[in-house]
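# A closer look at the structure
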Amino acid sequence: MHRFLALLVLLMGTSLAQPAPGQIQPVAPGTRTAPRLQTLALTPPLPEVKTVEVLSNGFVRAAHAIILLSGAQTTDGRATQLALLAAERTYRAAPDLLEVDVSVYRAKGYAGFGGPLPLLTLSVPRERLATVRTSVQTDQYDRIWINPQIDTPEVIAPPAKLLEKVPVFVGSRAEQLKQQLQQSLSHARGGVRGGLLFQGPSSRRQVALTFDDGPHPLYFPLVLDLLRRADVKATFFLIGRNAVAYPYFVQDLVRGGFEIANHTFHHVRLPSLSTLQIKTELSSTNTLLTQLGGQNVLYFRPPGGRYSTRVLNIARQLGLTTVFWTDDPGDFQNPGVETVEARFGKRLRPGGIILLHDNALDGLLALPDLLKVARQRGYTVTTVGALGR
């Protein structure tokens with residue numbers, strides 16, 4: 001884990017030293033309020049545990065424990081011991097769980113997932129429970145991350161109330177016309193046009209499955225479990241700051257043959273940023289994901305679908321193809337599982353690019369049926385990189 005910590009220091013010293021306007025984590029307006037998740041009570045209770053949420057994907061369940069520490073408690077040793085206790089007692093309360101993940105935060109300034117980074121994160125798959133304590137104590141455990149707590153500013157601003165319905169180009173009228181032509185060519189012929197990918201070739205019944213905004217400590221293991229059951233590969237557009245705190249999830253993706261891609265470091269809308277800020281958002285995420293997964297990052301999706309000529313030029317300079325989508329069922333709006341499924345079925349087409357989120361309940365619950373529908377209609381579901389091969 002030492003190389004991850006060194007890399008975090010580097011990234012925080014670059015991307016966070018120059019705060020950019022925009023939200024860290026996407027917050028969609030939503031058409032419905034997301035339902036409350038089930039919670040577990042630990043025995044005996046741990047006063048520092050704020051909550052233990054439990055979620056099922058229809059086959060298995062996972063849990064995420066959140067621990068809040070006061071200033072006097074925020075040592076690495078105390079955080080580690082509480083994380084281990086929380087994981088053990090969560091399994092005691094629900095032995096059937098696939099995995100327990102723990103996030104330890106400083107109580108002061110805690111703003112949930114997407115706020116200031118945790119002090120420590122720990123992932124304990126059920127098969128690792130018997131050995132996790134010994135492995136952690138001997139510094140041999142590969143599913144723990146300890147924040148070096150660098151005193152640098154976070155990028156926090158009011159969340160933008162913007163839905164990701166369609167890509168939006170920001171620029172002059174002449175630039176807009178040029179982009180419209182490239183988009184029309186992409187939809188007509190498929191494939192990459194001018195560094196952009198709106199749709200794959202329509203010659204085969206093949207679609208790319210993509211997930212934005214991860215990795216999330218509760219949803220991610222359940223999404224991965226469903227994809228493995230269906231023997232389907234997908235592309236994950238990861239937010240850099242989330243990957244920093246949960247590096248083992250990035251490695252799970254690469255080991256599983258999935259594709260990792262760039263969704264900026266802080267999930268900011270890029271067109272209004274300076275050239276240096278845009279470069280930092282993209283290059284920091286590229287560096288991080290390459291170091292964590294050992295896989296070259298080739299694809300990028302701008303948050304909110306907002307892009308400009310400058311954003312495209314910087315992405316191309318970094319060797320990135322900018323990827324959009326054809327099928328957005330709107331899972332992050334909490335419209336209901338049935339609505340997500342109906343929208344998906346209506347928009348499914350050869351060469352399509354499906355947009356889901358790795359932290360949306362409706363998308364998680366609908367995923368098995370979405371894959372079933374695609375299979376019944378004769379589609380191969382694959383990654384962005386494999387689309388059109």
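What you see is a predicted model, and the numbers here were worked out from it, not measured in a lab.

## A word on the nonpolar core
Core analysis: the biggest nonpolar cluster contains 80 residues, and Leu209, Phe211, Leu227, Phe236 and Leu367 have the highest contact counts within it. Dropping the residues within four chain positions of it, leucine 367 is found in contact with Leu209, Phe211, Val223, Leu226, Leu227 and Leu356. Core analysis: the second largest hydrophobic core is formed by 30 residues, Val54, Ile67, Tyr91 and Val132 among them.

## Some remarks on the sheet that holds strand β3 (residues 61-69)
Spatial strand order, β1-β2-β3-β4-β5-β6: 6 strands in an open sheet with mixed pairing. Across the chains shown, the open sheet's two edge strands, defined by having one partner strand only, are β1 (38-39) and β6 (144-146). Against the sheet, helix α5 (residues 219-230) makes contact with β2 (49-56), β3 and β4 (99-106), and its axis sits at roughly 15° relative to β2, the strand it touches most. Helix α7 (residues 247-255) rests against β4, β5 (120-125) and β6 of the sheet, and its axis sits at about 40° to β5.

## With respect to the packing of α7 against helix α8 (residues 275-293)
The axes of two packed helices give the description: the angle between them and the distance between them. Here α7 crosses α8 at 65°, and the two axes come no closer than 9 Å. Relative to α8, the element α7 lies roughly perpendicular. Handedness of the α7/α8 crossing: right-handed. Between α7, through Pro247, Val250, Gln251 and Val254, and α8, the contact on the second element is made entirely by Leu289, Leu292 and Gly293. Residue classes in the contact of α7 with α8 are distributed as 5 nonpolar, 2 polar and no charged.

## Notes on the pairing of β2
Sheet topology places β1 next to β2; 2 bridges connect them, and they run antiparallel. Looking at the pairing, glutamine 38 lines up with valine 54 of β2. Judged from the 7 bridges that link them, β2 and β3 form a sheet pairing that is antiparallel. Across the sheet, the residue bridging to valine 54 is alanine 63, located in β3. Once β2 ends, the chain turns through 4 residues before running back antiparallel as β3, passing glycine 58 with a positive phi of about 100°.

## Description of helix α2 (residues 76-93)
Think of an α-helix as turning once every 3.6 residues; residues three or four places apart then point the same way. Its 18 residues give α2 an end-to-end C-alpha distance of 26 Å, which sits within 8% of 26 Å, the value for a rise of 1.5 Å per residue. Where α2 is concerned, the buried positions are Ala79, Thr80, Leu82, Ala83, Leu84, Ala86, Ala87, Arg89, Thr90 and Tyr91. At its buried positions, α2 is contacted by β2, β3, β4, β5, α3 (129-137) and β6.

## Concerning the confidence of the model for the chain
Per-residue confidence for the chain gives a mean pLDDT of 88, with 87% of residues at or over 70. This stretch, residues 12-28, has a pLDDT under 50; its non-local contacts, to residues over four places away or in other chains, come to 65 contacts. A low-confidence stretch, residues 155-161 stays under pLDDT 50, and its non-local contacts, those more than four residues away or across chains, total 18 contacts.

## A closer look at the packing of aromatic side chains
In total, this model carries 13 aromatic pairs according to the counting rule given. Centre to centre, the rings of phenylalanine 169 and tyrosine 307 are 5.2 Å apart; their planes meet at 70°, and the pair counts as edge-to-face. With a gap of 138 residues between them, phenylalanine 169 in strand β7 (residues 168-169) and tyrosine 307 in strand β14 (residues 306-307) connect regions that are remote in the sequence. Ring centres of phenylalanine 220 and phenylalanine 249 lie 4.7 Å apart, and the angle between their planes is 40°; this geometry places the pair in the tilted category.

What counts and how
Residues numbered from 1 in each chain as written. Predicted model: local features only at pLDDT ≥ 70, side-chain atom pairs only at ≥ 80, totals over all residues. Heavy atoms only, no water. Core = buried A, V, L, I, M, F, W, Y, C linked by side-chain atoms within 4.5 Å. Buried < 20%, exposed > 50% of the residue type's maximum accessible area, 1.4 Å probe, protein only. Contact = heavy atoms within 4.5 Å. Pairing = 2+ DSSP bridges. Helix = DSSP H or I, 4+ residues; strand = E, 2+ residues; numbered from the N terminus. Axes fitted to C-alpha atoms, helices over the stretch in contact; angles between N-to-C directions. Parallel < 35°, antiparallel > 145°, perpendicular 65-115°, else oblique. Left-handed = near helix turned anticlockwise from the far one by under 90°. Nonpolar A, V, L, I, M, F, W, Y, C, P; charged D, E, K, R; others polar. Expected span 1.5 Å × (residues − 1). pLDDT = per-residue confidence, 0-100. Phe/Tyr/Trp six-rings, centres within 6.5 Å; stacked < 30°, edge-to-face > 60°.

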